[in-house]
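Residue-level structural notes
Spelled out from the first residue to the last, the chains are:
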Amino acid sequence: MDLRIFTEPQQGASYDTLLTVAKATEDLGFDAFFRSDHYLKMGDVDGLPGPTDAWITLAGIARETRRIRLGTLMTAATFRLPGVLAIQVAQVDQMSGGRVELGLGAGWYEEEHRAYGIPFPAEKFARLEEQLAIVTGLWGTPVGETFSYEGTYYQLADSPALPRPAQGQVPVLIGGHGKTRTPRLAGQYADEFNMPFASAEDSERQFGRVRAAAEAAGRKGDDLVYSNALVVCVGKDDAEVARRADAIGRQVDELKENGLAGSPAEVVDKIGRFAQAGSSRIYLQILDLDDLDHLELISSQVQAQLG
């Protein structure tokens, strides 16, 4: 089971804070550092010092780390034109020496679009599908050849399809709870399918839909990695769990029900249920980015037991 650190910087984090967490992620042996891609806070927080751009952040962190994978859960297709996005991600991949992954979603948070003047189209999912075709098509074009695309929302003519990612083709993550369109897109385009904030039982059902969609697209179900994103709150004892839950404005019982919370043994046991459901990777949503002792505890007491 791979454990990855997943941050939500729109809730309040500077680049320096994110870099500190990313370096701790690497030093403590976690597999990857991922971040959300949002420009506006959610809920009852001040969001200070304000938003940071996902791909600018990852570009900086790419030059300050050596081992961990880097990526987004999820970049909103509404934020960037697909050709520009392909260039940005390819460049950060080069800057990292080939350690980048792209999580791409349709976009959903209308308020942040209004706050920063970003168009919020009605036909988001259809645009996402065209973006996936374009981004993967550009990366898959051999050097010296050109790429063209004629879609409903995007048209590209004779693109040189440069720069190329260091990896050649950056792994693409698709995720979500949708029962029909989401599995179809994942089956066609994804290297990894991520089920966010769901039970092991719901994850197993959705993984099955994605496997079936992959097979319908002429792939094997095992061609994809299957993963979950879950909030995490671990403590050496009940008092420490309660303190960490209070710091992020959550209740312990709710966290145990909907996330990974409790003692290291409790969390390891629950991770095992997701493994039985077919998950081989967990994105641990860390909401208190100043609590580096939390990361150390997860590394030494949870990750160590998972081997």
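Parameters at a glance
Residues numbered from 1 in each chain as written. Predicted model: local features only at pLDDT ≥ 70, side-chain atom pairs only at ≥ 80, totals over all residues. Heavy atoms only, no water. Helix = DSSP H or I, 4+ residues; strand = E, 2+ residues; numbered from the N terminus. Buried < 20%, exposed > 50% of the residue type's maximum accessible area, 1.4 Å probe, protein only. Contact = heavy atoms within 4.5 Å. Areas by Shrake-Rupley, 256 points an atom, 1.4 Å probe, with all protein chains shown as cover. Lys, Arg positive; Asp, Glu negative; His and termini not counted. Charge placed at Lys NZ, Arg CZ, Asp CG, Glu CD. Axes fitted to C-alpha atoms, helices over the stretch in contact; angles between N-to-C directions. Parallel < 35°, antiparallel > 145°, perpendicular 65-115°, else oblique. Left-handed = near helix turned anticlockwise from the far one by under 90°. Nonpolar A, V, L, I, M, F, W, Y, C, P; charged D, E, K, R; others polar. Salt bridge = Lys/Arg side-chain N within 4 Å of Asp/Glu carboxyl O. Polar contact = N/O pair within 3.5 Å; in protein donor to acceptor, adjacent residues only side chain to side chain.

So, the overall build of the protein chain
The secondary structure content of the protein chain amounts to 11 helices and 12 strands. Seen along its three principal axes, the alpha-carbon backbone of the protein chain occupies a region of about 60 × 40 × 35 Å. Across the 307 residues that make up the protein chain, the buried fraction comes to 53%. Across the protein chain, every contact between residues at least 6 apart in sequence was considered, and the portion connecting residues at least 24 apart equals 73%. As displayed, the protein chain has an accessible area near 13,300 Å², and 49% of this comes from carbon and sulfur atoms. Here the protein chain contributes 30 positively and 44 negatively charged side chains, and the mean placements of these two sets differ by 3 Å.

So, unusual backbone geometry
The omega torsion across leucine 48 and proline 49 is 10°, close enough to zero to call that bond cis. Following the sequence through the fold, proline 49 ends up in the loop between strand E2 (32–35) and helix H2 (54–64). With omega at -25°, the peptide bond leading from leucine 73 into methionine 74 counts as cis. Of note, methionine 74 is situated in the loop between strand E3 (69–72) and strand E4 (75–76). Unusually for a residue other than glycine, aspartate 158 sits at a positive phi of about 50°. If you trace the backbone, aspartate 158 turns up in strand E7 (residues 155–159).

Let's talk about the environment of serine 280
As for its position among the elements, serine 280 is in the loop between helix H10 (264–276) and strand E12 (281–286). Judged by relative accessible area, serine 280 falls into the partly exposed class, the value being 37%. Expressed as a C-alpha distance, the spacing of serine 280 and leucine 3, which sit 277 residues apart in the sequence, is 8.9 Å. If near-sequence neighbours (up to four positions away) are discounted, serine 280 is found in contact with Met1, Asp2, Val225 and Tyr226.

What to know about the packing of H2 against helix H3 (residues 82–96)
Two elements in contact, H2 and H3, have axes whose closest approach is 8 Å; the angle formed by their N-to-C orientations is 15°. Considering their axes alone, H2 and H3 lie roughly parallel with respect to each other. The handedness of the crossing between H2 and H3 is left-handed. Across the interface between the two elements, Trp55, Leu58, Ala59, Ala62 and Arg63 of H2 pack against Leu85, Val89, Val92, Met95 and Ser96 of H3.

Remarks on the packing of helix H6 (residues 181–189) against helix H7 (residues 200–216)
Where H6 contacts H7, the axes come no closer than 8 Å and their chain directions differ by 50°. The angle between H6 and H7 places the two elements in the oblique class. H7 is crossed by H6, and the crossing has right-handed handedness. Residues Thr182, Pro183, Arg184, Ala186 and Gly187 of H6 touch H7, and the partners they reach there are Gln206, Arg209, Val210, Ala213 and Ala214. A class-by-class count of the residues in the contact of H6 with H7 yields five nonpolar, three polar and two charged.

Here's the deal with the side chain of aspartate 93
Relative to the elements of secondary structure, aspartate 93 occurs in helix H3. Here aspartate 93 sits buried without a salt bridge, and the closest side chain of opposite charge, arginine 69, lies 5.8 Å off (N-O distance). Polar side-chain contacts of aspartate 93 include one of 3.3 Å to the backbone nitrogen of arginine 99. Not counting residues within four places of it along the chain, the set of residues in contact with aspartate 93 comprises Gly98, Arg99, Val100, Pro165, Ala166, Gln167 and Val170.

Digging into the environment of histidine 113
Along the chain, histidine 113 falls in helix H4 (residues 110–115). Judged by its relative accessible area of 1%, histidine 113 is buried. It is 18 Å that separates the C-alpha atoms of histidine 113 and glutamine 131, two residues lying 18 residues apart in sequence. Sequence-distant contacts of histidine 113, that is, excluding residues within four places in its chain, are made with Thr78, Phe79, Ile118, Pro119 and Phe120.

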